[in-house]
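Okay, here's what each chain looks like letter by letter:
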Amino acid sequence: MANLPACAIGLGSNLGESLVILTGAIERLKIHPQIKLLDVSSWYHTAPIGPPQPDYLNGCATVETSLSALELLSVLQSIETEFGRVRGEVWGARTLDLDLLLYSDRVIDLPTLQVPHPHMCDRAFVLVPLAQIAPDWLEPKSGDSIATLASKLECSDIKLIK
């Protein structure tokens, strides 16, 4: 899949067997015929944002794809559904959350999709794992590298799973 857009995907889970769910989601990405998995970060234990709920396991993956951004979003949402994701409370607990963080160097502003992800630059649970696998990737709105953005955040509550 040479010369295809590289994309960054955030993964999170705090309901059910989170590690099994997250590795299962990675496997679904791996076997999709229009997605080439490039790299997967380590998994991190993170505190939740929003209403009271269990802590999360979070990580990131990079892929190349021949899918458009909206098509990739549809694939991610179907994988979430496969693993029991129910869309309810905003920032509520979930079995699986897959976020399209970056789609090459593109800025996309549609009613159903904003890329770069509108909150990624404020979230250590996104930037720490993404910096592990794509430290030099430039976030297109700020022009800063992922590593630089991560270095600006408080990251003490992001714990590497061993």
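Scroll up to find the structure this text is about.
Quick caveat, the model's predicted, so the values are computed rather than measured.

A. Inspection of the overall build of the protein at higher detail. When helices and strands are counted, the protein shows four helices and eight strands. Taken from the N to the C terminus, the helices and strands of the protein come in the order β-α-β-β-β-α-β-β-β-α-α-β. Radius of gyration (C-alpha) of the protein: 15 Å, near the 15 Å computed for a compact globule of 162 residues. Taking all 162 residues of the protein together, the buried fraction comes to 48%.

B. Inspection of unusual backbone geometry at higher detail. The omega torsion of the bond from Val 115 to Pro 116 falls at 0°, within 30 degrees of zero and hence cis. Summarising the element assignment, Pro 116 is placed in the loop between β7 (113-115) and α3 (124-133). The backbone phi angle of Ser 104 is positive, close to 55°, even though this residue is not glycine. Mapping Ser 104 onto the fold places it in the loop between β5 (97-103) and β6 (108-110). Of the residues examined, Ser 104 reaches a relative accessible area of 22% and is grouped as partly exposed.

C. Looking closely at the pattern of salt bridges. A complete count under the given rule lists four salt bridges for this structure. The shortest N-O distance in the salt bridge between Arg 28 and Glu 82 comes to 2.6 Å. Of this pair, Arg 28 sits in helix α1 (residues 18-31) while Glu 82 sits in helix α2 (residues 69-82), and the two are 54 residues apart along the sequence. Linking Lys 152 and Asp 144 is a salt bridge whose minimum nitrogen-to-oxygen distance equals 3.0 Å.

D. Looking closely at the environment of Glu 139. The topology assignment puts Glu 139 in the loop between α3 and α4 (146-151). With 43 residues separating them in the primary sequence, Glu 139 and Leu 96 have C-alpha atoms 24 Å apart. Once you skip the residues sitting within four places of it in the chain, Glu 139 turns out to touch Pro 116, Met 120, Cys 121, Asp 144, Ile 146 and Leu 149.

E. Seen up close, α2. The first and last C-alpha atoms of α2 sit 20 Å apart over 14 residues, in line with the 20 Å expected at 1.5 Å per residue. One or two positions beyond α2, positive phi appears at Gly 84, with a value near 85°.

Rules used in this analysis
- Residues numbered from 1 in each chain as written.
- Predicted model: local features only at pLDDT ≥ 70, side-chain atom pairs only at ≥ 80, totals over all residues.
- Heavy atoms only, no water.
- Helix = DSSP H or I, 4+ residues; strand = E, 2+ residues; numbered from the N terminus.
- Rg over C-alpha atoms; globule rule 2.2 N^0.38 Å.
- Buried < 20%, exposed > 50% of the residue type's maximum accessible area, 1.4 Å probe, protein only.
- Salt bridge = Lys/Arg side-chain N within 4 Å of Asp/Glu carboxyl O.
- Contact = heavy atoms within 4.5 Å.
- Expected span 1.5 Å × (residues − 1).

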